[in-house]
Amino acid sequence: MISIIDDQALLAKLEKRHLSHAVLDVFMQEPLPESHPYWANANVTVLPHISAPTHPMSASKTVAENVRRYRLDGTLPASVNPELGY
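About the criteria used
Residues numbered from 1 in each chain as written. Predicted model: local features only at pLDDT ≥ 70, side-chain atom pairs only at ≥ 80, totals over all residues. Heavy atoms only, no water. Core = buried A, V, L, I, M, F, W, Y, C linked by side-chain atoms within 4.5 Å. Buried < 20%, exposed > 50% of the residue type's maximum accessible area, 1.4 Å probe, protein only. Helix = DSSP H or I, 4+ residues; strand = E, 2+ residues; numbered from the N terminus. Contact = heavy atoms within 4.5 Å. Salt bridge = Lys/Arg side-chain N within 4 Å of Asp/Glu carboxyl O. Phe/Tyr/Trp six-rings, centres within 6.5 Å; stacked < 30°, edge-to-face > 60°. Expected span 1.5 Å × (residues − 1). Arc of directions from axis to C-beta. Polar contact = N/O pair within 3.5 Å; in protein donor to acceptor, adjacent residues only side chain to side chain.

1. Re the nonpolar core
Judged by nonpolar contacts, L10, L11, L14, A22, L24, F27, L32, Y38, V44 and V46 together constitute the single largest core of 10 residues. Looking at this core, the elements with two or more residues in it are α1 (7-15), β1 (22-24) and β2 (44-46). With 3 residues, α1 is the largest single contributor of residues to this core. Once you skip the residues sitting within four places of it in the chain, L11 turns out to touch P37, Y38 and N41.

As structure tokens, then:
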């Protein structure tokens, strides 16, 4: 398998603020090991890698609600359970 993301290079760019944030959902090892630095990095959002169809109507409602909530109070719903590893 060929790595698409160089984890160390991405973390370095985030640390130096060349990038402000990364949202990732596919990794060389899944679930992502709990010791991986992505979990502890506040500038990385780890999403669960799931195979399921996305329904535009329900997905757009969810996104709209999340944007509304974020604009209102700066919160987003919990999307990752580190205890489960994804």
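Here the narrative resumes.
2. Overview of the pattern of salt bridges
Tallying each qualifying case throughout the model produces 2 salt bridges. Of the charged contacts in the structure, one is a salt bridge between E65 and R69, with a shortest N-O distance of 3.5 Å. Of the two residues, E65 and R69 are both situated in helix α3 (residues 56-73); the distance of 4 residues between them amounts to about one turn of the helix. The class of E65 is partly exposed, set by a relative accessible area of 28%. Given a relative accessible area of 26%, R69 falls into the partly exposed group. A cluster of three or more residues bridged by salt bridges with shared partners is formed by E65, R68 and R69.

3. Focus on the packing of aromatic side chains
Any two aromatic rings considered together are summarised by their centre-to-centre distance and by the angle between their planes. Taken as a whole and assessed by the stated rule, the structure comprises 1 aromatic pair. Residues F27 and Y38 carry aromatic rings whose centres are separated by 6.1 Å and whose planes lie at 50 degrees to one another, so their mutual orientation is tilted. Of this pair, F27 sits in the loop between β1 and α2 (37-40) while Y38 sits in helix α2, placing them 11 residues apart in sequence. Accessibility classification places F27 together with Y38 in one group, the buried group.

4. Observations concerning α3
Taking 1.5 Å as the rise per residue, α3 with 18 residues should run 26 Å; its terminal C-alpha atoms sit 26 Å apart, in good agreement. Looking one or two residues past α3, G74 carries a phi angle of roughly 75 degrees, positive in sign.

5. As for unusual backbone geometry
Look at the link from E30 to P31: it is a cis peptide, with omega at -5 degrees. Checked against the element boundaries, P31 lands in the loop between β1 and α2. Phi at R17 is positive, roughly 65 degrees, even though this residue is not glycine. On the secondary structure map, R17 appears in the loop between α1 and β1.

6. Quick word on α1
Since the α-helix packs 3.6 residues into each turn, any two residues three or four apart lie on the same face. Here α1 has its buried residues at L10, L11 and L14. Down the axis, α1 shows its buried residues gathered within 95 degrees of arc, on one side only. Opposite the buried face of α1, at more than 90 degrees from it, the exposed residues are Q8 and E15. Buried positions along α1 lie against β1, α2 and β2. With a side-chain oxygen positioned 3.2 Å from the backbone nitrogen of Q8, the residue opening α1 is D6. Of the residues flanking the end of α1, it is R17, one or two places downstream, whose phi is positive at about 65 degrees.

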